[in-house]
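Commentary on secondary and tertiary structure
The chain contents come next:
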Amino acid sequence: MPKISSTENKANIIKFCLKCVITTVLSVLLLSIISSFLFLKLDLDLGYAKYFAYAIVSLSSFITSIISLISIKHNYILVSLISGIPFLMFIVINGIINSRSIIDIGLKIILIVIFSAAAAVIKSFRRG
C-alpha cells in the first residue's frame with residue numbers, strides 16, 4: 001500500500017482555494033460591470049441596485065460552484081458549499097463595514113447556499 005503524500009494534499013487544497021477566490025472575484029467583477037452598464041444605458045433608478053446585487057450574488061455563487069466542481073468526482077454538495085465560503089466571508093464583512101441590515105446579509109447568505117447547492121445538484125445529474 002503506497003504512502004499518502006501530505007504535500008500533494010496541501011497543494012490540491014491550496015489550488016482549490018485559489019480557484020474559488022479567483023473565480024469569485026472575477027465573476028463578481030464581471031457581473032458588476034454588466035449591471036453598471038445596464039444602469040447607465042437604461043438610465044435605471046438606483047433603487048433597483050439592491051435587486052441587482054441579489055442577482056449578482058446568486059449568479060456569482062452559482063458560477064463559482066460550477067467551476068470549482070469541474071475536477072471533483074464525489075461529494076458535490078459539500079465541495080460546492082465550501083467553495084462559497086470566501087464569498088460568504090466577503091458578504092458578511094462588507095455588510096458589517098457598510099452597516100447593512102441583518103435581513104439583507106441573511107438573504108444574501110441564503111442565496112449563496114441555495115445557488116451553490118443548485119450547482120451541485122446540476123453537476124450530480126449531469127454526471128449520472
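Everything below is about the structure printed above this text.
Anyway, here's the lowdown on the structure attached to this text. Because the structure is a prediction, the values reported are computed rather than measured. (Residues numbered from 1 in each chain as written. Predicted model: local features only at pLDDT ≥ 70, side-chain atom pairs only at ≥ 80, totals over all residues. Heavy atoms only, no water.)

The next subject is the nonpolar core. Burial of nonpolar side chains together is a common tendency in soluble globular proteins. In this structure, Val28, Tyr54, Val57, Phe87, Leu88, Ile91, Ile105, Leu111 and Ile112 together form the largest nonpolar core, which totals nine residues. Every element with two or more residues in this core is listed here: helix H2 (49-68), helix H4 (85-97) and helix H5 (102-127). Beyond its immediate stretch of four places on either side in the chain, Leu111 contacts Tyr54, Val57, Ser58 and Ser61. By size, the runner-up hydrophobic cluster in this structure holds six residues, among which are Cys20, Leu69, Val79 and Ala120. (Core = buried A, V, L, I, M, F, W, Y, C linked by side-chain atoms within 4.5 Å. Buried < 20%, exposed > 50% of the residue type's maximum accessible area, 1.4 Å probe, protein only. Helix = DSSP H or I, 4+ residues; strand = E, 2+ residues; numbered from the N terminus. Contact = heavy atoms within 4.5 Å.)

Taken as a whole and judged by the stated rule, the model has two aromatic pairs. Ring geometry for Phe39 against Phe52: centres 4.7 Å apart, planes inclined by 55°, an arrangement best described as tilted. With Phe39 in helix H1 (residues 6-42) and Phe52 in helix H2, the pair connects residues that are 13 residues apart, well separated along the chain. For Phe39, a relative accessible area of 13% translates into the label buried. Among the residues examined, Phe52 registers a relative accessible area of 24% and is labelled partly exposed. Ring plane angle 5° and centroid distance 6.3 Å describe the contact between Phe87 and Phe90, whose orientation is recorded as stacked. (Phe/Tyr/Trp six-rings, centres within 6.5 Å; stacked < 30°, edge-to-face > 60°.)

Here the focus is H4. The end-to-end C-alpha distance of H4 is 18 Å, a good match for the 18 Å that 13 residues give at a rise of 1.5 Å each. Within H4, the full set of buried residues consists of Phe87, Leu88, Ile91 and Gly95. The arc enclosing the buried residues of H4, seen along the axis, measures out at 105°, which places them on a common side. Residues of H4 that are exposed and point over 90 degrees away from its buried face: Met89, Ile93, Ile96 and Ile97. A positive backbone phi angle near 55° is found at Ser99, which sits one or two residues after H4. (Expected span 1.5 Å × (residues − 1). Arc of directions from axis to C-beta.)

Our next topic: the packing of H2 against helix H3 (residues 76-83). Angle between the axes and distance between the axes are the two parameters that describe a pair of packed helices. At a closest axis distance of 9 Å, the pairing of H2 and H3 adopts a crossing angle of 125°. Taken as axis vectors, H2 and H3 run oblique relative to one another. In this structure, H2 meets H3 at a crossing whose hand is right-handed. Along its contact with H2, which presents Thr64, Ser65 and Ser68, the element H3 presents Val79, Ser80 and Ser83. Broken down by class, the residue content of the contact of H2 with H3 amounts to one nonpolar, five polar and no charged. (Axes fitted to C-alpha atoms, helices over the stretch in contact; angles between N-to-C directions. Parallel < 35°, antiparallel > 145°, perpendicular 65-115°, else oblique. Left-handed = near helix turned anticlockwise from the far one by under 90°. Nonpolar A, V, L, I, M, F, W, Y, C, P; charged D, E, K, R; others polar.)

The values are spatial; any link to function lies outside them.
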